[in-house]
Amino acid sequence: MNRYANIIGTGRYVPKNEITNETFSEWMADISPKLAEVVGKFEASTNIKTRYYADEDMATSDLAVEAAKSALEDAGISPDQIDLIILGTDSPDYITPATSVVVQEKLGAKNAGTFDVGCACASFPTGLSLAAGLISTNPNLKYVLVIGAYLMHRLADFKTDVVSFFYGDGAGAAVLAPGDQPGFISSTFFADGSYYPNWGIYAGGTAEPASVENVKSGKTKVKLVTPFPPEVNNEGWPKRVREVADNGNFAVEDIDFIIFTQVRLNSIKLVMEELGLPLEKAHWIMDKWGYTGSACLPMAFDDARKLGKIKSGDLVVFVGSGVGYNQAGVAFRMP
């Protein structure tokens, strides 16, 4: 008997501390009036109007646990029923141990194995693909929890670096289980490592261990060194959608809904037009919660589901694009 991975529950967590664009603009104005002007330009191109920060005593694992609880409740199962936790983040609690292990302990998922996925915004579709493959080939796996979590403002100079305009904290999660009808349809993966120096945290690892000097210079904080060219997303996302369609033997026009990385609304509009799909088949949350990085796809997915935009039988495609850069796409039929 075939085992097909199906998404049976979703959830999200948004912290309570709102940082509006007005507040952020005031922070930037304290540095330079020109930076305050940049905030207005960012808002116009991205549709980001606000963001939420986690409490100072919270770590990425805490956000992940809250989203996981929401997803488990939606799926109607308890933490001790989870067999595997796959956590995607590029703002981990620690370099090591894995944040997924911390989540397992805090969630009380005592029977779950865990591992982390570290490809930024491509982590959630990558995690869904991994979960689907493991479920289909391992009869012992019944419930797999896939989480995307992001707390990047904590790793940024958020009151002085204008790029922190983008960073909002949050987490999203999905529960996968085997079914007798196909849920998972197909996936695709792509990377271009020539862009690894563009955006990241470049001290604190083995290439340059943390030191007094690089901590003082800010090298242990996240930095945008060189902007990515627009075609990375504007051309890459349509390619990933078409690859997922080809790999799954369906037509692009068969897609009922698409969830993209939630960084710029203009990019979503351009890509949907390029694909020949109505904008109503996409969803965005950056206006409500900012750019939530590794968490943005599951948060947008859960929001669209809870709003009734995604229904049983719908063919849903996810496309994530993250620094490095990595891109991943995956298609699911909703049960």
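The structure we're discussing is the one just above.
Fair warning: this is a prediction, and the values are worked out from it, not measured in the lab. (Residues numbered from 1 in each chain as written. Predicted model: local features only at pLDDT ≥ 70, side-chain atom pairs only at ≥ 80, totals over all residues. Heavy atoms only, no water.)

(A) Looking closely at the nonpolar core. Ranked by size, the top nonpolar core spans 78 residues in total, and within it Leu128, Phe166, Tyr167, Leu176, Ile258, Phe260 and Phe318 carry the most contacts. When residues in this core are grouped by element, the largest group, 6 residues, is from helix α11 (residues 296-306). Residues contacting leucine 128, with those up to four places away along its chain left out, are Val146, Ala174, Leu176, Phe318, Val330 and Phe332. (Core = buried A, V, L, I, M, F, W, Y, C linked by side-chain atoms within 4.5 Å. Buried < 20%, exposed > 50% of the residue type's maximum accessible area, 1.4 Å probe, protein only. Helix = DSSP H or I, 4+ residues; strand = E, 2+ residues; numbered from the N terminus. Contact = heavy atoms within 4.5 Å.)

(B) Broad picture of the packing of aromatic side chains. By the definition in use, this model includes 18 aromatic pairs. Residues phenylalanine 42 and phenylalanine 166 carry aromatic rings whose centres are separated by 5.0 Å and whose planes lie at 50° to one another, so their mutual orientation is tilted. Taken as a pair, phenylalanine 42 in helix α2 (residues 33-46) and phenylalanine 166 in the loop between β6 (144-150) and β7 (170-179) lie far apart in primary sequence, 124 residues in all. A network of ring pairs unites the aromatic residues Phe24, Trp27, Phe42, Tyr53, Phe158, Phe165 and Phe166 as a single cluster. We note arginine 51 situated over the ring of phenylalanine 165; from NZ or CZ to the ring centre the distance is 4.9 Å. If you follow arginine 240 out to its NZ or CZ, it ends over the ring of phenylalanine 190, 4.4 Å from the centre. (Phe/Tyr/Trp six-rings, centres within 6.5 Å; stacked < 30°, edge-to-face > 60°. Lys NZ or Arg CZ within 6 Å of the ring centre and 35° of its normal.)

(C) Geometry of the sheet that holds strand β13 (residues 326-333). If you walk across this open sheet you meet the 4 strands as β8-β13-β12-β11, and the pairing is mixed. The open sheet has two edge strands, β8 (184-191) and β11 (257-260), and neither has a second partner. In this sheet, neighbouring strand axes are inclined to one another by 10° on average, regardless of whether the strands run parallel or antiparallel. Strand direction decides the pairing type here: β8 and β13, joined by 7 bridges, are antiparallel. Its bridge partner lying in β13, serine 187 is registered against valine 330. In the packing of helix α5 (residues 123-137) onto the sheet, the strands contacted are β8, β12 (315-322) and β13, and the crossing angle to β13 comes to about 50°. Across the sheet, helix α8 (residues 236-248) is in contact with β8, β11, β12 and β13; its angle to β8 comes to roughly 140°. (Pairing = 2+ DSSP bridges. Axes fitted to C-alpha atoms, helices over the stretch in contact; angles between N-to-C directions.)

(D) Structural detail: the pairing of β11. Covered by surrounding structure in β11 are Phe257 and Ile259 together with Ile258 and Phe260, the residues of both alternating faces. Sheet topology note: the β11/β12 ladder contains 4 bridges and is parallel. In the strand pairing of β12, phenylalanine 257 is matched with valine 316.

(E) Seen up close, the sheet that holds β6. The strand order across the open sheet formed by 5 strands is β1-β7-β6-β4-β5, and the pairing between neighbours is mixed. Only two strands of the sheet have a single partner each, and these edge strands are β1 (4-13) and β5 (113-117). Each neighbouring strand pair of the sheet contributes to a mean axis angle of 20°, computed without reference to strand direction. Alignment of β6 against β7, held across 7 bridges, turns out to be antiparallel. By the bridge assignment for β7, alanine 149 is matched with alanine 171. Sitting on the sheet, helix α3 (residues 60-75) is in contact with β1, β4 (84-88), β6 and β7, with an inclination near 125° to β1. Where α11 meets the sheet, its contacts fall on β1, β6 and β7, and the angle it forms with β1 comes to roughly 95°.

(F) Region of the structure containing the pairing of β13. Burial analysis of β13 places 6 of its 8 residues in the buried class, the great majority of the element. Two elements, β12 and β13, share 8 bridges in a ladder whose sense is antiparallel. Residue pairing for β13: phenylalanine 318 is matched across the bridge by valine 330. Counting the residues in the hairpin turn of β12 and β13 gives 3 residues, including glycine 324, whose phi is positive at 140°.

(G) Spotlight on the pattern of salt bridges. Summed over the entire model, instances satisfying the criterion amount to 14 salt bridges. With a closest N to O distance of 3.9 Å, aspartate 256 and arginine 333 form a salt bridge. Placement of aspartate 256 in the loop between α8 and β11 and of arginine 333 in strand β13 is noted, with a sequence separation of 77 residues between them. For aspartate 256, a relative accessible area of 29% puts it in the partly exposed group. Among the charged side chains, a salt-bridge network with shared partners connects Arg12, Lys288, Asp302, Asp303 and Lys306. (Salt bridge = Lys/Arg side-chain N within 4 Å of Asp/Glu carboxyl O.)

(H) Representation of helix α9 (residues 265-275). For α9, every residue scored as buried is listed here: Leu265, Ser267, Ile268, Val271, Met272 and Leu275. In a view along the axis of α9, the buried residues occupy a sector of 155°, so they form one face of it. Looking at the buried positions of α9, the neighbouring elements they touch are α2, α7 (231-234), α8, β11 and α10 (286-289). Among the residues trailing α9, glycine 276 stands out with phi positive, at a value near 75°. (Arc of directions from axis to C-beta.)

(I) α3, seen in detail. Here α3 spans 23 Å end to end across 16 residues, near enough to the 22 Å set by a 1.5 Å rise per residue. Taken as a whole, α3 has its buried residues at Thr60, Ser61, Leu63, Ala64, Val65, Ala67, Ala68, Ala71, Leu72 and Ala75. Tucked into the core, α3 has its buried residues touching β1, β4, α4 (99-107), β6 and β7. The positive-phi residue at the C-terminal boundary of α3 is glycine 76, with phi of around 75°. (Expected span 1.5 Å × (residues − 1).)

(J) Structural detail: the state of the cysteines. Taken as a whole and judged by the stated rule, the model has 0 disulfides. As a non-bridged cysteine, cysteine 296 has cysteine 121 as the owner of its nearest cysteine sulfur, 4.3 Å distant. (Disulfide = S-S within 2.5 Å.)

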